[in-house]
Amino acid sequence: MKVLLMTPLSVFLVLPPSIPDLGLGYLATALRKNGFDVLVRDWSPRLMPDELVSLLKIHRPDVVGIKVFTKDASGARKTIAIIREILPEAAVVIGGPHPSACEPVSLMTDFDQADFAIRGEAEEALPRLLKLVQAQRGRQSLRDGELCLIPGLVFRGSGGVICNAVEFKKNLDDLGYPSWDLIDPRKYATVMLGSSSDGPVAPLVTTRGCPGFCTYCSAFTISGRKIRARSPQNIFNEIRILHDKFGVRRFMFTDNCFTSILGNLVD
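Residues numbered from 1 in each chain as written. Predicted model: local features only at pLDDT ≥ 70, side-chain atom pairs only at ≥ 80, totals over all residues. Heavy atoms only, no water.

Right, let's get into the overall build of the protein. For the protein, the count of helices and strands is 10 helices and 11 strands. Radius of gyration (C-alpha) of the protein: 18 Å, near the 18 Å computed for a compact globule of 267 residues. Across its three principal directions, the C-alpha atoms of the protein cover 55 × 40 × 35 Å. Per-residue burial for the protein yields a buried fraction of 50% across its 267 residues. Partitioning the contacts of the protein with sequence separation of at least 6, the portion at a separation of at least 24 is 72%. (Helix = DSSP H or I, 4+ residues; strand = E, 2+ residues; numbered from the N terminus. Rg over C-alpha atoms; globule rule 2.2 N^0.38 Å. Buried < 20%, exposed > 50% of the residue type's maximum accessible area, 1.4 Å probe, protein only. Contact = heavy atoms within 4.5 Å.)

Written out as structure tokens, the structure is:
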């Protein structure tokens, strides 16, 4: 089964970033571990609508997963409309901050062309969903009972919109590393930490979760309130990979609570 993981088309967005998307990178790794053929198109290169059409016609993915921020919801709907026009039979799954924070019924109403949404972390949920989608071929529809077992899944059931409870991975080391070959940091114009002559810049996340109750932030809806940390060795190994294989010399730590890991590093 072919899977396309992407962000909404940049032409539909305001000030889209130019940085490897770690979320899609981790999802690609999880899907590859389960035998899926994965293609990632995030913030680079910046696809135009006609380029997306060509990509869909050439690769013909069976499933398209789209990461959605609330500010990009309109652009995501426009992107999905293009996908539906070219590949009406493909399954469309949305995830990320907006689906995680949005009320489920409103979400599925606003995204009426999406088949599923996943709230919270999706490394466990998305492969399980796609295995059901793959097995469903030849059957009329997926059964509610099967879908109800997938953590964080939002779907239209026989009695209306159903939203499953979110679960969080306890050991982050088990996730492996993002598929850096699919989000190669050398292909992004990231200069947040210096000039372009300094070489590529790579984002890193060492923890997930935030115990804060900031009224303006919904980060906890994605990764929970309990802080979970990767092991120091796991982090250092990823830095070594990025340094040796991709020539990365500068790193951006994108944790919500980066200083929480300092105790582990000292130990």
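This next bit is on the pairing of strand S6 (residues 153-157). Remark: a regular strand shows side chains that alternate across the two faces of the sheet. In terms of burial, S6 is a largely internal element, 4 of the 5 residues being buried. With 4 bridges joining them, S6 and strand S7 (residues 160-163) adopt antiparallel strand pairing. Of the residues in S7, the one forming a bridge with glycine 157 is glycine 160. (Pairing = 2+ DSSP bridges.)

The next point concerns the packing of aromatic side chains. Evaluated as defined, the whole model comprises 1 aromatic pair. Its end group placed over the ring of tyrosine 26, arginine 208 keeps NZ or CZ at 5.2 Å from the ring centre. Geometry around phenylalanine 213 places arginine 225 over its ring, the cationic atom sitting 3.7 Å from the centre. (Phe/Tyr/Trp six-rings, centres within 6.5 Å; stacked < 30°, edge-to-face > 60°. Lys NZ or Arg CZ within 6 Å of the ring centre and 35° of its normal.)

Enumeration over the complete set of coordinates arrives at 11 salt bridges. Where arginine 32 meets aspartate 181, a salt bridge forms, and the shortest distance between an N and an O atom there is 2.9 Å. Here arginine 32, found in helix H1 (residues 22-33), pairs with aspartate 181, found in the loop between S7 and strand S8 (201-204); they are 149 residues apart in sequence, far enough to count as distant. You can call arginine 32 partly exposed: its relative accessible area is 35%. Using a relative accessible area of 47% as the deciding quantity, one classes aspartate 181 as partly exposed. Across the pair glutamate 123 and arginine 208 runs a salt bridge, and its minimum N-O distance is 2.8 Å. A residue pair is termed long-range when its members are at least 10 positions apart, and glutamate 123 in the loop between strand S5 (116-118) and helix H6 (125-136) and arginine 208 in strand S9 (residues 207-208) qualify at 85 residues. The exposure classification of glutamate 123 matches that of arginine 208, with both residues buried. If you follow the salt bridges from partner to partner, you end up with Glu121, Glu123, Arg208 and Arg228 in one network. (Salt bridge = Lys/Arg side-chain N within 4 Å of Asp/Glu carboxyl O.)

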